[in-house]
Amino acid sequence: MNKEKLYGKTLNELIAVSRRLGLPGFAARQIADWLYKKEISAIGEMTNLPKKTREIMAAEYEFGLTAPENAAVSVDGTKKYLYKVLNNKYIETAYIPEDDRATICVSSQSGCKMGCVFCMTGKQGFQGNLSSNEILNQFRSLPEFRKLTNMVYMGMGEPLDNLTEVMKSLEILTSEWGYGWSPTRITVSTVGLVSSIKDFLERSRCHLAVSLHSPFDDERQNLMPVQRTNTVNEVLNIIRNFDFNSQRRVSFEYILFEGMNDTPRHVKELARILNGIKCRINIIRFHEIPGSEFKSPGADETIRFKEALNAKGILTTVRSSRGVDIQAACGLLSTINQNKPAS
Ligand code: SF4
């Protein structure tokens, strides 16, 4: 029988564990300290707990770290790791080193329900929500864990469709009893689930990124079926009426497709719908995926689009393409792996 995992539990959950095992009240903080501040990987190493206590705990729980099974390394230093989760499913985690920062891009679900037409993960369908343990294990078990400066929830899945476990992972990352990271080092990306976005904004202080991809409802709906039930207008209204502190950032992700969403008409409409929102747009040049009708725009067209938005007063950046040679587009590697016959 699988034992319950301690890693990934919040302080309140550890208090419940301590009570169940008959430990004193302060034991939960000691356990949190071992789990999140000291780099141990076994219950037996929690040496300020009595040996008998560790034995009782180990009979019911396991520490809960799992190493990645495979890695692909790009010539630009980007790495993509495959972790096994749920019932023999694979998820991807990207490590992206840059000049003065090192970012981990984590998955929050295996597969995804959102069905964005340009995304390999969307084509996999939905296989399950990751637990807080499985989300944070991607971070803690990353070979480059000690180098990390930033974290983005932009891997496989829609984080706000797994809000409970994502919020637990954010609590552990940002609490003083956990990793103590500043929330400004973390960005959560969403397609814009109206029922959860306000909850996320109120319960966390992490940055928000919304996948926009088109300012026009019909065009966005063709790209992102979620637009049918969660319109971008509703999302923008929530953002417009939320009181963001000066540290907190809202950005809009905009995948640029050649000849589709890169016209002056799009620039004008983007400026109209984002008017009054302090934000930035991150342009991502589309990475072509097998069987897709969409094409990547040229570098010159991308720069022209960026400059047109900047000229409208919208701070716009182009995200550099990383790991193209290792198929770093979301979902590609795990799809290939999931489709392999079992060995
Ligand atoms: S782009 Fe994100 S939300 Fe859309 S299908 Fe892919 S993983 Fe899901």
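Owing to the predicted nature of the structure, the values given are computational and were not obtained by experimental measurement.

Q: Is there a simple way to think about the domain arrangement of the protein in this case?
A: Taken domain by domain, the protein holds domain 1 (4–62) and domain 2 (70–338). If you average the C-alpha positions of domain 1 and of domain 2, the two centres end up 34 Å apart. The interface of domain 1 with domain 2 comprises 8 residues on the first partner and 12 residues on the second. At 3 residues, the largest contribution of residues to the side of domain 1 that touches domain 2 is made by helix H2 (residues 27–36). Considering only residue class, the side of domain 1 that touches domain 2 consists of 4 nonpolar, 2 polar and 2 charged.

Q: Would you mind going over the packing of helix H5 (residues 132–140) against helix H6 (residues 163–174) with me for this structure?
A: A pair of packed helices is characterised by two quantities: the angle between their axes and the separation of those axes. Interhelical geometry of H5 versus H6 gives an angle of 45° and a closest axis separation of 8 Å. By the angle between their axes, H5 is oblique relative to H6. Helix-helix and strand crossings are classified by hand; for H5 and H6 the assignment is right-handed. On the side of H5, the interface is formed by Ser132, Ile135 and Leu136, while H6 contributes Glu165, Val166, Lys168, Ser169 and Ile172.

Q: So what exactly am I meant to see when it comes to the nonpolar core here?
A: Among soluble globular proteins, nonpolar side chains are generally buried collectively. Ranked by internal contacts, the top residues of the largest apolar core, which has 76 residues, are Ile31, Leu35, Cys105, Val166, Tyr254 and Leu256. In terms of residue count, the dominant contributor to this core is H2 (7 residues). Residue-level mapping places this core at the junction of two domains, with at least three residues from each of domain 1 (4–62) and domain 2 (70–338). Sequence-distant contacts of Leu256, defined by excluding residues within four places in its chain, comprise Asn261, Asp262, Ile283, Ile284, Arg285, Phe286, Pro297, Thr302 and Phe305.

The rules behind these values
Residues numbered from 1 in each chain as written. Predicted model: local features only at pLDDT ≥ 70, side-chain atom pairs only at ≥ 80, totals over all residues. Domains from an automatic or database assignment. Contact = placed C-beta atoms within 7 Å. Helix = DSSP H or I, 4+ residues; strand = E, 2+ residues; numbered from the N terminus. Nonpolar A, V, L, I, M, F, W, Y, C, P; charged D, E, K, R; others polar. Axes fitted to C-alpha atoms, helices over the stretch in contact; angles between N-to-C directions. Parallel < 35°, antiparallel > 145°, perpendicular 65-115°, else oblique. Left-handed = near helix turned anticlockwise from the far one by under 90°. Core = buried A, V, L, I, M, F, W, Y, C linked by C-beta atoms within 7 Å. Buried ≥ 20, exposed ≤ 12 C-beta atoms within 10 Å, placed from the backbone.

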